[in-house]
Amino acid sequence: MMESHVDLGFLLQALTPSWNSVPLLVGFFTYLAVAGSILPGKLVPGVALLDGTRLHYCCNGLLSLLLLVALLGIGAKMGFVSPTAISDRGLELLSTTFAFSFLVTLILHFSGCKSQSKGSSLKPHLSGNLIHDWWFGIQLNPQFMGIDLKFFFVRAGMMGWLLINLSILMKSIQDGTLSQSMILYQLFCALYILDYFVHEEYMTSTWDIIAERLGFMLVFGDLVWIPFSFSIQGWWLLMNSVELTPAAIVANCFVFLIGYMVFRGANKQKHVFKKNPKAPIWGKPPKVIGGKLLASGYWGIARHCNYLGDLMLALSFSLPCGISSPIPYFYPIYLLILLIWRERRDEARCAEKYREIWAEYRKLVPWRILPYVY
Ligand code: NDP
């Protein structure tokens, strides 16, 4: 009984937003804002907005990330920063980031209401339902001091995930518990995150950027959910040891590689197709429906093969933890639910946008995500 009181007290204290974590967050966001504004990067035009204008995104995320990791490495070597600063304050940082997301959403909400009453050209959408507007957001592309907040937050989330992981890695080295499982988990996630930044320009045509408004759902998703829930496996491995057989390691690498091939291949094929609808797919001229929809390559196997690849990758991040606990499988399970939901919403959007062309595509490619299953 006493024990559970102590644990609860510890948990409550750890979950209370703390001023100690604020400098970490402020430093991180300031670095991202400055690096994003001054570092060179490819300027990518976004999709056309309702008023006919286009936003432009400077894709310098990879450079910003590498520079940040290098600076932190130098800072740690010189004793200015502790390599375990994040892993030592996991829950406290989580609750502070949560409070920050809440605050940002409030500001976005009020600025959205204000710009609607002024008739802004960025077309805010007020549904009139307070909770709905707060949760889904009012503005599609809110900007702050020349920074596109949606692009900025997703970048912060992906980089935050890597920083948390690296801090967990340093903690396990410091504790003398570094295991094959931890190395596999770290390696797969680092490759996934680096790959994301190598292909950052693809982000500019994703559903989140082109169709989702910026409200609590996206702010929380980017700033809290991505970095903290995607790193659960790392936190779990800090506290649990797992023995992997060589066969399990090989199988795990296999799931990662196939998942990566499908995920990156499918997203790349669509991206290339949108730029040049005649570009060959797997060495052959593409099969195109109504001049607009790609129906060959991965897009001829299932209508969202990219989701299948992502799910395999998510599974590969959890497999290093073995199968003794469901906790490390939180991410693939969550992603499965999210992507099934998202696929349904995207399907409805495409059916409305492409009408009979979409119906023809559905007939030609009947599978949604996994051929012969779903
Ligand atoms: P998609 O990249 O699949 O984009 C869907 C859009 O692509 C459609 O709305 C349509 O837009 C276009 N499209 C669909 N089918 C075709 C086709 N056959 N030919 C041409 N265009 C087509 O979806 P998302 O933006 O949701 O996802 C992008 C990636 O991000 C995915 O790999 C996903 O797994 C990943 N992701 C990861 C998450 C995570 O938490 N790890 C969360 C969400 C996504 P248009 O109107 O432009 O034609």
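So, how was this worked out
- Residues numbered from 1 in each chain as written.
- Predicted model: local features only at pLDDT ≥ 70, side-chain atom pairs only at ≥ 80, totals over all residues.
- Heavy atoms only, no water.
- UniProt positions renumbered as here; feature names shortened; annotations may be inferred.
- Helix = DSSP H or I, 4+ residues; strand = E, 2+ residues; numbered from the N terminus.
- Rg over C-alpha atoms; globule rule 2.2 N^0.38 Å.
- Buried < 20%, exposed > 50% of the residue type's maximum accessible area, 1.4 Å probe, protein only.
- Contact = heavy atoms within 4.5 Å.
- Salt bridge = Lys/Arg side-chain N within 4 Å of Asp/Glu carboxyl O.
- Patch = residues over 30% accessible without salt bridge, like charges linked within 9 Å, V, L, I, M, F, W, Y side chains within 5 Å.
- Areas by Shrake-Rupley, 256 points an atom, 1.4 Å probe, with all protein chains shown as cover.
- Lys, Arg positive; Asp, Glu negative; His and termini not counted.
- Charge placed at Lys NZ, Arg CZ, Asp CG, Glu CD.
- Expected span 1.5 Å × (residues − 1).
- Arc of directions from axis to C-beta.
- Core = buried A, V, L, I, M, F, W, Y, C linked by side-chain atoms within 4.5 Å.

An unreviewed UniProt entry annotates the protein chain as Delta(14)-sterol reductase originating from Glycine max. Listed under Subcellular location (unreviewed entry) in UniProt, the entry text for the protein chain is "Membrane". What UniProt states about the protein chain under its Sequence similarities (unreviewed entry) heading is, verbatim, "Belongs to the ERG4/ERG24 family."

Novice: So what's going on with the overall build of the protein chain? Residues and values would help.
Specialist: For the protein chain, the count of helices and strands is 14 helices and six strands. Against the globule reference of 21 Å for 374 residues, the protein chain gives a C-alpha radius of gyration of 22 Å, in line with a compact fold. Taken across its 374 residues, the protein chain has 49% of its residues classed as buried. Here the analysis covers contacts within the protein chain between residues at least 6 apart in sequence; of these, 77% occur between residues at least 24 apart.

Novice: Please give an account of the pattern of salt bridges that cites residues and values.
Specialist: A complete count under the given rule lists eleven salt bridges for this structure. With a shortest N-O distance of 3.6 Å, Lys-275 and Glu-201 are connected by a salt bridge. Of the two residues, Lys-275 sits in helix H11 (residues 246-275) while Glu-201 sits in the loop between helix H7 (180-198) and helix H8 (207-210), which places them 74 residues apart along the sequence. Residues Glu-343 and Arg-368 are paired through a salt bridge, measuring 2.9 Å at the closest nitrogen-oxygen approach.

Novice: Quick one: what's the story with a positive patch on the surface, residue by residue and with numbers?
Specialist: Taken together, Lys-274, Lys-292, Arg-349 and Lys-353 make up a surface patch of like positive charges. Relative to the assigned elements, Lys-353 resides in helix H13 (residues 330-354).

Novice: Any chance you could break down helix H3 (residues 61-77) for me, citing the residues and the numbers?
Specialist: Residue pairs three or four apart in sequence face the same way in an α-helix, which turns once every 3.6 residues. Helix length check: H3 (17 residues) gives 24 Å between terminal C-alpha atoms against 24 Å at 1.5 Å per residue, within 8%. Among the residues of H3, those classed as buried are Gly-61, Ser-64, Leu-65, Leu-68 and Gly-75. Take H3 and look down its axis: the buried residues cluster within an arc of 95°, on one side only. On the buried face of H3, the contacting elements are helix H2 (22-38), strand E2 (54-59), helix H6 (149-175) and H7.

Novice: Which residues make up the environment of Cys-58, and what values do they have?
Specialist: Assignment of secondary structure puts Cys-58 in strand E2. Under the relative-accessibility criterion, Cys-58 is labelled partly exposed at 24%. Once the C-alpha coordinates of Cys-58 and Glu-200 are considered, the two residues, 142 residues apart in sequence, prove to be 9.5 Å apart. Non-local contacts of Cys-58, meaning those with residues more than four positions away in its chain, are made with Leu-39, Gly-41, Lys-42, Leu-43, Phe-151 and Arg-155.

Novice: Please give an account of the nonpolar core that cites residues and values.
Specialist: General note: in soluble globular proteins, nonpolar side chains tend to be found buried as a group. In this structure, Phe-28, Phe-153, Met-158, Trp-161, Tyr-192, Phe-317 and Tyr-331 are the most contacted members of the largest nonpolar core, which totals 75 residues. Broken down by element, this core gets its largest block of residues, 14 residues, from H6. Excluding residues within four positions of it along the chain, Trp-161 makes contact with Tyr-185, Cys-189, Tyr-192, Ile-193, Ile-226, Pro-227, Phe-230, Ser-231 and Phe-317. Counting 18 residues, the second-largest nonpolar core is a separate cluster that includes Val-262, Ala-295, Tyr-298 and Tyr-361.

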